[in-house]
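The lines below spell out each chain.
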Amino acid sequence: TSDAWRMAHLEGIINGALLWLMAAILPLIPLTNKGQKRLGYGMIIVGWTIVLASALDPLFANSRGLHFGGPFTNYLAFFLFYIGIVLVMILMAYIAYRSFKPNKD
């Protein structure tokens, strides 16, 4: 449907904007080079899992991924969203932990 295509494009645009924002503030987050690379790779994985999951609904019927059930493509969308959302929570907790950790300087 046109609504499914609209949502797929909107989710891609929002993910892209958030990835740009994260790239802009990444140097300000108190991380080592290794931590910055991990955060960057994690955000790339988040971006791709959510965009791929949202693209399944316009391509296959009943594949929005909002519930556990339905056709195989709905399960695939559900698990892709699940990976992306859990990884976002882990990355945000990591940023908060590193930001509030006292410096040893």
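Here goes a summary of the coordinates provided.

Rules used in this analysis
Residues numbered from 1 in each chain as written. Predicted model: local features only at pLDDT ≥ 70, side-chain atom pairs only at ≥ 80, totals over all residues. Heavy atoms only, no water. Helix = DSSP H or I, 4+ residues; strand = E, 2+ residues; numbered from the N terminus. Expected span 1.5 Å × (residues − 1). Buried < 20%, exposed > 50% of the residue type's maximum accessible area, 1.4 Å probe, protein only. Contact = heavy atoms within 4.5 Å. Phe/Tyr/Trp six-rings, centres within 6.5 Å; stacked < 30°, edge-to-face > 60°.

## A few points about helix H3 (residues 72–100)
Link 1 in the chain: Taking 1.5 Å per residue, 29 residues should reach 42 Å; H3 reaches 42 Å between its end C-alpha atoms and fits that length.
Link 2 in the chain: Those residues of H3 not exposed but buried are Thr73, Asn74, Ala77, Phe78, Leu80, Phe81, Gly84, Leu91 and Ile95.
Link 3 in the chain: Considering only its buried residues, H3 is in contact with helix H1 (2–25) and helix H2 (33–59).

## A short note on the environment of Ile13
Link 1 in the chain: If you trace the backbone, Ile13 turns up in helix H1.
Link 2 in the chain: Accessibility expressed as a relative area gives 59% for Ile13, which makes it exposed.
Link 3 in the chain: For the pair Ile13 and Leu66, spaced 53 residues apart in sequence, the C-alpha separation works out to 20 Å.

## Topic: the packing of aromatic side chains
Link 1 in the chain: Scanning all chains against the criterion turns up 5 aromatic pairs.
Link 2 in the chain: Seen from their ring centres, Phe68 and Tyr75 are 4.8 Å apart, and the 80° between their planes marks the pair as edge-to-face.
Link 3 in the chain: The class for Phe68 is exposed, based on a relative accessible area of 54%.
Link 4 in the chain: Residue Tyr75 is classed as partly exposed on the basis of its relative accessible area of 28%.
Link 5 in the chain: A ring pair is formed by Phe68 and Phe78, whose centres lie 5.6 Å apart and whose planes are at 65°; its orientation type is edge-to-face. One end of the pair, Phe68, is in the loop between H2 and H3; the other, Phe78, is in helix H3, with 10 residues separating them in the sequence.

Spatial relationships are all this shows, so hold off on functional conclusions.
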